[in-house]
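Single-letter residue listing:
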Amino acid sequence: MEFNFDVIIVGAGPAGCTSAFMLSGKGLKVAVIEKYSFPRDKVCGDGLSPDVINQLKIIDPKLGQDFVHFSEKTEMHGVRLFAPNHKHIDISFSNAKKSKSAAFISKRIHFDNFYFNQIKDLPGISTFEDQQVLNIERLDNGLEVKTKDQTFKAKVIMGADGANSVVSRCLSGIKMNKNHHCAGVRQYYEGVEGMEHGNIEFHYYKDLFPGYFWIFRLPNGEANVGIGMRTDLLKERKVNLRKEMIRILKEEEP
C-alpha cells in the first residue's frame, strides 16, 4: 500500500508525539510511524524532570491535565548524590520562590503509551504501529519511506527515532560518535526499601566514573535500577555493564 502525506514523523516516543501535537490543526496531513506496537517498553531511567508538567500544559492544556490524573507515575522531590565513600548530599527541586516542585518517575511502557494514545484522534494525524522503517529515499518532489509492507511519501520527514536513527542514517550519513553516546542497562526490582526520602539516587564509584549507578523509585514498591557509561570508555576499559551492575549490587552499598 502507498500513502501520501505532507509530513512523516518516524518514531512515536515523546519527541514524535510532541511533534504531532505541534503540527496538528495546521491543515497538514501527518503520518506518525512507529516501529513497534503500543504498549512497548524502552530501556530508560524513566525519569521526567520537574518541568515536564509545565511543558505538557504548554503543548496542550488538556494534555497537561490528563497527565496530572495519569496514575502510572510517582513523585520525586529532589536528587540524592552519593560520593564513592558513600557520603551523600540532597538537592531539592523546590525553592523559596515557588511552591513544592516534583519530578516524576513513570515506566516508559506506561508513559509512552499514555502519550501515544493522546495523539491518535488529533486533527490531521494518522498513526501507524508495527511499521519498522527499512529505507528512505529522496525523490524529485519529496521523500519515500518504505516499511516492511507499506510505502509512505511526503514533502518533509522528521526523525524522532532515537540515538540509532534510521532517518539520520539514510539521509545524512551521520554515524554515532561514541564520545557523545552513553550505553546503559537497567532492571526493575520489587520490594525495594529505604527510599522514603523521596529523592532520585545517583551513585558514583571511582572505577565507573564518569559513569554512574542510579536508583529511581517507582509506584508499588518497585525501583528502576541501572548503570550507564560513555560508550567510548566502555570499549577502552573493557567494561561489561551487566557484570558491573551485579557487582555493585553485591559488593557496594547503594
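Residues numbered from 1 in each chain as written. Predicted model: local features only at pLDDT ≥ 70, side-chain atom pairs only at ≥ 80, totals over all residues. Heavy atoms only, no water.

Topic: the sheet that holds strand S12 (residues 182–189)
The line we're drawing: Strand pairing follows a simple DSSP-based rule, namely that at least 2 bridges must link the two strands. By definition, any uninterrupted DSSP run of H or I lasting at least four residues is a helix, any uninterrupted run of E lasting at least two residues is a strand, and each is numbered from the N terminus. Orientation is described by lines fitted to C-alpha atoms, with helices fitted over the stretch in contact, and by angles between N-to-C directions that extend from 0 to 180 degrees.
Spatial ordering of the open sheet is given by S6-S5-S13-S14-S15-S12, a layout of six strands whose pairing is mixed. In this open sheet, the two edge strands, each paired with only one partner strand, are strand S6 (88–92) and S12. Between one strand axis and the next, the sheet turns through 20° on average, direction left out of account. As defined by bridge partners, strand S5 (residues 78–82) adjoins S6 across five bridges and the pair is classed as antiparallel. Paired with Val-79 across the strands is Ile-91, a residue of S6.

Details of helix H4 (residues 108–119)
Test applied: Under the convention used throughout, the expected extent of a helix is 1.5 Å for every residue step, that is, one less than its residue count. Exposure categories follow from relative accessible area, calculated using a 1.4 Å probe and restricted to protein chains: below 20% of the type maximum is buried, above 50% is exposed, and the middle band is partly exposed.
Here H4 is 12 residues long and its end C-alpha atoms lie 17 Å apart, about the 16 Å a rise of 1.5 Å per residue gives. Here H4 has its buried residues at Arg-108, Phe-111, Asp-112, Phe-114, Tyr-115, Phe-116, Gln-118 and Ile-119.

A closer look at the state of the cysteines
Note the cut-off: For the purposes of this analysis, a disulfide is any pair of cysteine sulfur atoms at a distance within 2.5 Å.
Counted by the stated rule, this structure contains zero disulfides. With no disulfide partner, Cys-17 has as its closest neighbouring cysteine sulfur the one in Cys-44, 14 Å distant. Free cysteine: Cys-44, not disulfide-bonded; nearest cysteine sulfur from Cys-182 at 11 Å.

As for helix H3 (residues 61–68)
Our working rule: The reported arc concerns the directions from the helix axis to the C-beta atoms and nothing else.
The set of residues buried in H3 consists of Leu-63, Gly-64 and Phe-67. With its buried residues spanning 100° around the axis, H3 presents them on a single face. The exposed residues of H3 that point more than 90 degrees off its buried face are Pro-61 and Lys-62.

Considering the pattern of salt bridges
Put simply, the rule is: One side-chain nitrogen of Lys or Arg within 4 Å of one carboxyl oxygen of Asp or Glu is enough to make a salt bridge.
This structure, assessed with the given rule, holds 16 salt bridges. For Arg-40, the salt bridge goes to Asp-112, with nearest N and O atoms at 2.7 Å. On the criterion of sequence distance, the pair formed by Arg-40 in the loop between strand S2 (30–33) and strand S3 (47–48) and Asp-112 in helix H4 is long-range, its members being 72 residues apart. Asp-112 sits in the buried class, given a relative accessible area of 1%. Here Glu-129 ties to Lys-120 by a salt bridge, and the two come within 4.0 Å at their closest N and O atoms. Through salt bridges with shared partners, a single ionic network connects Asp-207, Glu-244, Arg-247, Glu-251 and Glu-252.

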